[in-house]
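Chain by chain, the residues:
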Amino acid sequence: MQASRARLFKEYKEVQREKVVDPDIQLVCDDSNIFKWTALIKGPSETPYEGGVFQLAFSVPEQYPLQPPQVRFLTKIFHPNVHFKTGEICLDILKNAWSPAWTLQSVCRAIIALMAHPEPDSPLNCDSGNLLRSGDIRGFQSMARMYTRLAAMPKKG
């Protein structure tokens, strides 16, 4: 457990330095528990998520970095690889392709890349996956844009 704390503390210091470098990701450690983090990520441009800010919750195991963190969306998102109700994310690096070289920051980057390039063949959200698999790109994009507007954009007025 000491090694995981040291690693997370090192990542915390990196995040403080990188704030200016990566404006798309804002990673925050819980004040009372270094194993709990949240992130705000910006929806990638030229996607239905553009303009949205999505909140992620990280639960880091004591075996980190040998085991991946559990990450889920707290903000509702219409995406084939994200469970609509729980926010669970289907991403290989969070499961069997994890490597200790990954950091919480690079996990956020990978999630942003997944938002831009969904994998409809392994859906957690079947409605979203079916729209993409059947070639209804317009239908998928309009649903994803609608949920982005409803859940991930600041309310005006």
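Residues numbered from 1 in each chain as written. Predicted model: local features only at pLDDT ≥ 70, side-chain atom pairs only at ≥ 80, totals over all residues. Heavy atoms only, no water.

As annotated in an unreviewed UniProt entry, the chain carries the name E2 ubiquitin-conjugating enzyme and comes from Nyssa sinensis. A UniProt comment under Sequence similarities (unreviewed entry) is attached to the chain, and it reads "Belongs to the ubiquitin-conjugating enzyme family." (UniProt positions renumbered as here; feature names shortened; annotations may be inferred.)

Caption draft 1: Summary view of the sheet that holds strand S3 (residues 53–59). On the basis of which strands lie adjacent, the open sheet formed by four strands has the order S1-S2-S3-S4 and antiparallel pairing. In this open sheet, the two strands that pair with only one neighbour each are strand S1 (25–29) and strand S4 (70–73). Direction aside, the axes of adjacent strands within the sheet are offset by 20° on average. Note: S3 against S4, four bridges, orientation antiparallel. Looking at the pairing, Ser59 lines up with Gln70 of S4. Across the sheet, helix H1 (residues 2–18) lies against S1 and strand S2 (36–42), angled at about 30° from S2, the strand it touches most. (Pairing = 2+ DSSP bridges. Helix = DSSP H or I, 4+ residues; strand = E, 2+ residues; numbered from the N terminus. Axes fitted to C-alpha atoms, helices over the stretch in contact; angles between N-to-C directions. Contact = heavy atoms within 4.5 Å.)

Caption draft 2: Structural context of the UniProt feature "active site" (unreviewed entry) in the chain. Those residues carrying the UniProt feature "active site" (unreviewed entry) are Cys90 in this numbering. Locating Cys90 in the fold gives a position in the loop between S4 and helix H2 (104–116). Not counting chain neighbours up to four residues away, the residues in contact with Cys90 comprise Asn81, Leu114, Ser122 and Leu124.

Caption draft 3: Structural detail: the nonpolar core. Ranked by size, the top nonpolar core spans 38 residues in total, and within it Trp37, Ile41, Leu56, Phe58, Phe73 and Ile89 carry the most contacts. Going through the elements one at a time, H1, S1, S2, S3, S4, H2 and helix H4 (137–152) are the ones with two or more residues in this core. Top contributing element to this core by residue count: H2, with eight residues. In this structure Phe58 touches Leu27, Phe35, Lys36, Trp37, Ala39, Pro69, Gln70, Val71, Leu104, Val107 and Cys108, once residues within four positions along its chain are discounted. (Core = buried A, V, L, I, M, F, W, Y, C linked by side-chain atoms within 4.5 Å. Buried < 20%, exposed > 50% of the residue type's maximum accessible area, 1.4 Å probe, protein only.)

Caption draft 4: Inspection of H4 at higher detail. Helix length check: H4 (16 residues) gives 21 Å between terminal C-alpha atoms against 22 Å at 1.5 Å per residue, within 8%. Inspection of H4 places Gly139, Phe140, Ala144, Thr148 and Ala152 among the buried residues, and these make up the whole buried set. The arc that holds every buried residue of H4, seen down its axis, measures 165°, which confines them to one face. Exposed side chains of H4 directed beyond 90 degrees from the buried face belong to Arg138, Arg149 and Leu150. (Expected span 1.5 Å × (residues − 1). Arc of directions from axis to C-beta.)

Caption draft 5: Structural view of the environment of Ser134. Looking at the secondary structure, you find Ser134 in the loop between helix H3 (126–133) and H4. Look at Ser134 and you get exposed, because its relative accessible area is 57%.

Caption draft 6: The arrangement of the packing of H3 against H4 in detail. Taken N-terminus to C-terminus, the directions of H3 and H4 make an angle of 145°; their axes are 7 Å apart at the nearest point. For the crossing formed where H3 meets H4, the hand is left-handed. Where H3 approaches H4, its residues Ser128, Leu131 and Leu132 are matched on the opposing element by Ile137, Gly139, Phe140 and Met143. In terms of residue class, the contact of H3 with H4 is made up of five nonpolar, two polar and no charged. (Left-handed = near helix turned anticlockwise from the far one by under 90°. Nonpolar A, V, L, I, M, F, W, Y, C, P; charged D, E, K, R; others polar.)

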